[in-house]
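Survey of secondary and tertiary structure
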Amino acid sequence: MPELPPATLRLGLDHAALANNWRALDRLSGPAEAGAAVKANAYGLGVGKVLPTLMKAGARKFFVAHWSEVPDVIVHANPGSVSVLHGPMNAADASFARLTGVKPVLNSPQQVRRWLESGGGPCDLMIDTGINRLGIPMQDIADPALQKLDVDVLMSHLASADEDSDLNAVQLGRFKDAIQTIPAKHLSMANSAGIALGPDYAFDLTRPGLSLYGGVPRPELADLIVQVAKPEAVILQRRQLKPGDSVGYNAVFTATSEMAIGVVSLGYADGFLRCWTGKGALAYGGASLPLLGKVSMDMVVIDLSAAQHLHEGDWVEAPYDLLKSSETSGLSQYELLTGLGQRFHR
Ligand SMILES: *Cc1c(COP(=O)(O)O)cnc(C)c1O
């Protein structure tokens, strides 16, 4: 196989911004230590690139969802500092945890029994205080099996930390009940948005994900968090439209005057989904290049009026100020990041 020619899609990762965001969240966590959620390939940005930067900034505790995500993390991080959120579904998972030295997060009485039967050892424990997703239900917190565990981090997860919801305080109250009964070395409740809820929610360890990567789930974080992900794509072709010419599938845009357009190497297969159709713009420096017509699988078309000099081979920027882009596209900030496809050169 000859060397591959240069890619026409690249994902810039601003390492200084990433380190800045972790430090800002660590500071905002007060006396608590900030860990880092690096599941889903570090929210799509590339765990192999993200982890060394987070570790240099000072992060020491890492969270993934799947067992399959462990190998890429323990290349860089001490296995004992890695928690697997989905927990052990079977004996193979428990055995993998023991052999690698990573911690399972136990999420149900069944997972607790499975871990103890496999020999036990250091683990984390998730309490479900109201999200009704994963975790030991509140009615089971007095289960005597929990007393036999060697719990490193006792945690819970907030359902509505990004809103001023009464559920936040309800969950906090329940978590305070649970920590009275279950012995653990460390306590953890806050994700990115939870950190902004203040010191009551911080306990010993916070678990930011989204905001490390530039997401702003609450207004309190807006001035602290900076953009990390910078997707860019090449203009494959420049064309000249005449009045009446339409663009792309189903001809949903028709030119009313002579105009220059660019056909860009970015499509829904790359995570730039069809909800961008007719909304928003790509950019070149300060120039805004509005999207025209439907987003295709591998291409999108832009109006080059604001940057007439652009031609084939020039790079343009996708709009990835996550808060603004979420508002424009209707996608969540999480989806914008984790949807970034495999064809991006990272
Ligand atoms: C994903 C996840 C986090 C990180 O949440 P963000 O909202 O991305 O900060 C924290 N804790 C748990 C249990 C998670 O699943």
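These lines cover the structure that appears in this document, whether it is placed above or below. Note that the structure is a prediction, hence the values are computed from the model and not measured. (Residues numbered from 1 in each chain as written. Predicted model: local features only at pLDDT ≥ 70, side-chain atom pairs only at ≥ 80, totals over all residues. Heavy atoms only, no water.)

By the alternation rule, side chains of strand β18 (residues 300-303) split into Val-300 and Ile-302 and Val-301 and Asp-303, which are all buried. Bridging between strand β15 (residues 259-264) and β18 involves 4 bridges; their strand directions are antiparallel. If you follow Val-264 over to β18, its bridge partner there is Val-300. Note that strand β17 (residues 287-292) and β18 share 2 bridges and pair antiparallel. (Buried < 20%, exposed > 50% of the residue type's maximum accessible area, 1.4 Å probe, protein only. Helix = DSSP H or I, 4+ residues; strand = E, 2+ residues; numbered from the N terminus. Pairing = 2+ DSSP bridges.)

A word on the packing of aromatic side chains. Under the definition given, this model contains 5 aromatic pairs. Summarising the aromatic geometry, the rings of Phe-175 and Phe-203 are spaced 5.1 Å apart at their centres and angled 90° between planes, so their arrangement reads as edge-to-face. Here the residue Phe-175 occupies a position in helix α7 (residues 166-181), and Phe-203 occupies one in the loop between α8 (192-195) and β11 (205-206), the gap between them amounting to 28 residues. For Phe-175, a relative accessible area of 0% translates into the label buried. Here the aromatic rings of Phe-272 and Trp-276 are separated by 4.9 Å at their centres, their planes lie at 5°, and the arrangement is stacked. Relative accessible area serves as the criterion here: at 1%, Trp-276 is assigned to the buried category. Here a set of aromatic residues connected by ring pairs shows up, and it is made of Tyr-43, Tyr-213 and Tyr-334. The ring centre of Trp-315 lies 3.8 Å from the NZ or CZ of Arg-10, which sits over that ring. The aromatic ring of Trp-115 is capped on one face by Arg-98, whose charged end is 4.7 Å from the ring centroid. (Phe/Tyr/Trp six-rings, centres within 6.5 Å; stacked < 30°, edge-to-face > 60°. Lys NZ or Arg CZ within 6 Å of the ring centre and 35° of its normal.)

Take the packing of helix α1 (residues 15-28) against helix α3 (residues 47-57) next. Closest axis-to-axis distance for the α1/α3 pair is 9 Å, and the angle between their directions is 50°. In terms of orientation, α1 lies oblique with respect to α3. Crossing of α1 against α3: the hand is right-handed. Contacts between α1 and α3 involve His-15, Leu-18, Ala-19, Trp-22 and Arg-23 from the former and Lys-49, Val-50, Thr-53, Leu-54 and Ala-57 from the latter. (Axes fitted to C-alpha atoms, helices over the stretch in contact; angles between N-to-C directions. Parallel < 35°, antiparallel > 145°, perpendicular 65-115°, else oblique. Left-handed = near helix turned anticlockwise from the far one by under 90°. Contact = heavy atoms within 4.5 Å.)

Looking now at the layout of surface pockets. Put simply, the largest pocket is a space of about 750 Å³. What lines the largest pocket is a set of 33 residues, and nearest its centre among them are Lys-39, Arg-133, His-157, Asn-191 and Tyr-334. Mapped onto the lining of the largest pocket, the elements with two or more residues apiece are α2 (39-43), α8, α9 (322-329) and α10 (333-338). Tallied by class, the residues present in the lining of the largest pocket amount to 19 nonpolar, 10 polar and 4 charged. (1 Å grid on protein atoms, 1.4 Å probe; cavity = no way out; pocket = protein on both sides within 12 Å on 5 of 7 lines; lining within 4 Å. Points joined across faces, edges and corners; volume = space filled by probe spheres on them. Nonpolar A, V, L, I, M, F, W, Y, C, P; charged D, E, K, R; others polar.)

Now for the pattern of salt bridges. Within the structure shown, the criterion is met by 10 salt bridges. Close ionic contact of Asp-152 with Lys-103 constitutes a salt bridge, the shortest N to O distance being 2.6 Å. Placement of the pair is Asp-152 in strand β9 (residues 150-156) and Lys-103 in strand β6 (residues 103-106), with a sequence separation of 49 residues. Lys-103 shares its class with Asp-152; the two are buried. (Salt bridge = Lys/Arg side-chain N within 4 Å of Asp/Glu carboxyl O.)

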